[in-house]
Amino acid sequence: MKTAELELNREIMSEAEWLVARKDLLTREKEFTRQRDALSAARRQLPMVKVEKQYVFDGPKGKETLSDLFGGRSQLVVYHFMFGPDWQEGCKSCSYLADHFDGANWHLPPRDVSFVAISRAPLSKLQAYQKRMGWRFKWVSSYGNDFNFDYHVSFTAEDEKKNKAYYNYAESEYINDELPRLSVFYIDDKGDVYHTYSTYARGLDILVGAYNFLDLVPKGRDEDNLDFTMEWLRRHDEY
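Below: a short report on this structure. (Residues numbered from 1 in each chain as written. Predicted model: local features only at pLDDT ≥ 70, side-chain atom pairs only at ≥ 80, totals over all residues. Heavy atoms only, no water.)

## Let's talk about unusual backbone geometry
- Phi at Asp-112 is positive, roughly 65 degrees, even though this residue is not glycine.
- Take Asp-112: it is sitting in the loop between α3 (101-105) and β5 (113-119).
- Asp-112 sits in the partly exposed class, given a relative accessible area of 29%.
- Unusually for a residue other than glycine, Asn-163 sits at a positive phi of about 55 degrees.
- By the secondary structure assignment, Asn-163 is in the loop between α6 (157-162) and β7 (165-167).
- Residue Asn-163 is classed as partly exposed on the basis of its relative accessible area, which comes to 36%. (Helix = DSSP H or I, 4+ residues; strand = E, 2+ residues; numbered from the N terminus. Buried < 20%, exposed > 50% of the residue type's maximum accessible area, 1.4 Å probe, protein only.)

## Re the pairing of strand β10 (residues 193-199)
- Within β10, six of the seven residues are buried, which leaves it mostly tucked inside the rest of the structure.
- The pairing of strand β9 (residues 181-187) with β10 spans six bridges and is classified as antiparallel. Directly across from Ile-187, in β10, lies its bridge partner Val-193.
- A loop of five residues connects β9 with β10, the two strands running antiparallel in sequence, and Gly-191 in this loop sits at a positive phi of about 90 degrees. (Pairing = 2+ DSSP bridges.)

## Re the nonpolar core
- Residues Tyr-79, Phe-81, Phe-83, Tyr-96, Trp-135, Phe-137 and Trp-139 are the most contacted members of the largest nonpolar core, which totals 31 residues.
- For this core, the secondary-structure elements that each account for two or more residues are β4 (75-80), α2 (92-98), β5, α4 (123-133) and β9.
- The element that contributes the greatest number of residues to this core is α2, accounting for four residues.
- Leaving out residues up to four positions away in the same chain, Phe-83 has contacts with Gln-88, Glu-89, Gly-90, Ser-119, Arg-120, Ala-121, Lys-125, Leu-126, Tyr-129, Trp-139 and Glu-178.
- Within the second largest apolar cluster, 16 residues are counted, among which are Phe-57, Phe-147, Tyr-151 and Val-193. (Core = buried A, V, L, I, M, F, W, Y, C linked by side-chain atoms within 4.5 Å. Contact = heavy atoms within 4.5 Å.)

All we've got here are geometric facts, nothing functional implied.
Here you go:
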């Protein structure tokens, strides 16, 4: 495995001098926090889109509709996990994100939020991989419906042939037959379901607690000299 190398080029100073520099950075950190809070507030004010199409998924206890996935709560977070029908294991980058799901999921239900991962691979493959990884979060298969295609995370052979795909709110070059995304839904008292938010690519960084730790240390993510950012990454049972 190729490893990134970073030469630490940092000034060494006295504790008193360091404290001045640290307080300057603290001012910038607080401003960033205020900007993040404002952005989160704006996100919560986005308009909603009613989901008119009916989707039925294969779940651990049988067939479930999108409404069923709320589990009696009004808010649903969906992670579109890259795992195609013909794949033998889940995407390693999605697996990196998924390692963080169970810890957060202890605390979501008390805040009226359900969480589920959805992939196109058949349920039997999802369950086998989930057992291997030791995850507990709910995971259902969209193999029998158009959910992944409608939400622009699965792509066809025709897309590959044309070398075009609609992803992250823009048409771009075809990358893969499966790509990641997070989507949020709301269900009202009448049972109507609404799509409220989705994010892709670097927008998923916020889910990755390990990256937040790495951003604190001197070498950071240390990915600049790699062929691609997650080249260093392995599934947690492969390090």
